[in-house]
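Breakdown of the fold
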Amino acid sequence: MRKFIRSLSLKNFLFLLLAGCINAIGVTIFLAPVKLYDSGISGTAILLSQITPAYLTLSVFLLLFNIPLFLFGLKKQGAVFTVYSLFAVAVYSVVAWLITDVLPIDVSIASPLAGQDLLLCALFGGIISGIGSGLTIRNGGAIDGIEVMAVIFSKRLNITVGTFVMLYNVVLYVICGIVKQSWILPLYSIVTYAAGLKTIDFVVEGFDRSKSVMIVTEKPKEISEALMEEFKCGTTSMSATGGYSNTEKTVIYFVVNRFQIYKMRNIIHTIDPKAFVTISEVADVFKSND
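Residues numbered from 1 in each chain as written. Predicted model: local features only at pLDDT ≥ 70, side-chain atom pairs only at ≥ 80, totals over all residues. Heavy atoms only, no water.

1. Topic: the pattern of salt bridges
According to the stated counting rule, one finds four salt bridges in the structure shown. The partner of Lys232 in a salt bridge is Glu229, and the shortest N-O contact between them spans 3.5 Å. Owing to a relative accessible area of 54%, Glu229 belongs among the exposed residues under this scheme. A salt bridge links Lys263 to Glu230, with the shortest nitrogen-to-oxygen separation between them at 3.2 Å. One end of the pair, Lys263, is in helix α12 (residues 261-271); the other, Glu230, is in helix α11 (residues 220-231), and 33 residues separate them in sequence. Of the residues examined, Lys263 reaches a relative accessible area of 42% and is grouped as partly exposed. On the accessibility criterion, Glu230 (36% relative accessible area) is partly exposed. (Salt bridge = Lys/Arg side-chain N within 4 Å of Asp/Glu carboxyl O. Buried < 20%, exposed > 50% of the residue type's maximum accessible area, 1.4 Å probe, protein only. Helix = DSSP H or I, 4+ residues; strand = E, 2+ residues; numbered from the N terminus.)

Right, dumping it as structure tokens:
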């Protein structure tokens, strides 16, 4: 038990507290007032809160669906992830209840900030809730139980986690359209989903992604020294054999940002015009002790 408690981080809880508040603001201030739908369990909770008695609020459905899903995924995801996730969902639910039922903010018929402009509400609702979801993921949890179900069932269904979530949301928006007998709100909700998805990528992986560079060359020492001198960072060299030429070569692995690519390319081709270079996007860069 002590080991488990030591594995929890106060810093993570503080960020999860912030994430839950941000997510609640995005949903209750921008989406729910104009009947737009978030993705996953959050979107499901919004729909159910609209078609059930008033005492069954958004917050009630968030807790009612998310808690069992996270507990169901406890064995697969681990205790630390589950605790972080339940904490984020609890904060999200409580803050959503405060905004809709306690604070003097009128969110009954329109967004207090964007009125009834569906496009503005869809974009800013998606972006803000995406920031909340991204912060939750970045700090070891999840704020929507459908992501846990995606991890558990996607392999059994032979699809990716992203595809599972997307299919769930497609079904959700179709049901919303049928129940509300209108496709305008579900279509705008797709804008919300897209904005939120992209925002999560930015928050989790960073706005300025690094680039990994693989350099196949016969002059590894000269290129490595030039790159390290210019960019003040290390390189990694690996021995290789050309499949066609059957000659000994060296592969240099190097990480740069997008603003350094032009200068790096000039350095490499000045030293070895025959060098073969591939550049790939890197989601995140960190040291093992970070």
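2. With respect to the layout of surface pockets
Size it by volume and the largest pocket reaches roughly 580 Å³. Contributing elements (two or more residues each) for the lining of the largest pocket: α3 (40-51), α6 (79-102), α7 (118-138), α8 (145-153), α9 (161-180) and α10 (184-205). Element by element, the count of residues in the lining of the largest pocket is highest for α10, at eight residues. Here the lining of the largest pocket is composed, by residue class, of 14 nonpolar, 15 polar and five charged. Considered as a void within the structure, the second largest pocket measures approximately 450 Å³ in volume. In this structure, the second largest pocket is lined by 20 residues; those nearest its centre are Ala32, Ser49, Leu58, Thr100 and Val107. Classifying every residue of the lining of the second largest pocket by side-chain character gives 10 nonpolar, eight polar and two charged. (1 Å grid on protein atoms, 1.4 Å probe; cavity = no way out; pocket = protein on both sides within 12 Å on 5 of 7 lines; lining within 4 Å. Points joined across faces, edges and corners; volume = space filled by probe spheres on them. Nonpolar A, V, L, I, M, F, W, Y, C, P; charged D, E, K, R; others polar.)

3. A closer look at the confidence of the model for the protein chain
Atom-level detail of predicted coordinates should not be read off regions where pLDDT is low. On average, residues of the protein chain carry a pLDDT of 89, and 96% of them reach 70 or more. Per-element confidence in the protein chain is highest for helix α2 (residues 10-31), whose mean pLDDT is 95, and lowest for helix α1 (residues 2-7), whose mean pLDDT is 80. (pLDDT = per-residue confidence, 0-100.)

4. Examining unusual backbone geometry
Although it is not a glycine, Lys35 sits at a positive phi angle of roughly 65 degrees. With respect to the helices and strands, Lys35 occurs in the loop between α2 and α3. The phi torsion at Asn158 lies on the positive side, around 60 degrees, for a residue other than glycine. Here Asn158 is to be found in the loop between α8 and α9. For Asn158, a relative accessible area of 72% gives the class exposed.

5. Some thoughts on the packing of aromatic side chains
Going through the model one piece at a time under the given rule, you end up with seven aromatic pairs. Taken together, a centroid distance of 6.2 Å and an interplanar angle of 25 degrees make the contact between Phe30 and Phe124 stacked. One end of the pair, Phe30, is in helix α2; the other, Phe124, is in helix α7, and 94 residues separate them in sequence. Each residue in the set Phe13, Tyr84 and Phe87 is aromatic and connected to the rest through ring pairs, giving one cluster. (Phe/Tyr/Trp six-rings, centres within 6.5 Å; stacked < 30°, edge-to-face > 60°.)

6. Regarding the environment of Thr44
Topologically, Thr44 is positioned in helix α3. Taking the relative accessible area as the measure of exposure, Thr44 reaches 14% and is therefore buried. Residues Thr44 and Leu18 lie 26 residues apart in sequence; the distance between their C-alpha atoms is 23 Å. Those residues within four positions of Thr44 in sequence are excluded, and the remaining contacts are Tyr168 and Leu172. (Contact = heavy atoms within 4.5 Å.)

7. Notes on α11
Over its 12 residues, α11 runs 16 Å from end to end, which matches the ideal 16 Å to within 8%, given 1.5 Å per residue. The set of residues buried in α11 consists of Pro220, Ile223, Ser224, Leu227 and Phe231. Take α11 and look down its axis: the buried residues cluster within an arc of 100 degrees, on one side only. Exposed side of α11, more than 90 degrees from the buried face: Lys221 and Glu229 are the residues found there. Each element contacted by the buried residues of α11 is listed here: β1 (210-217), β2 (236-241), β3 (248-256) and α12. Following α11 by one or two positions, Lys232 adopts a phi angle in the positive range, close to 60 degrees. (Expected span 1.5 Å × (residues − 1). Arc of directions from axis to C-beta.)

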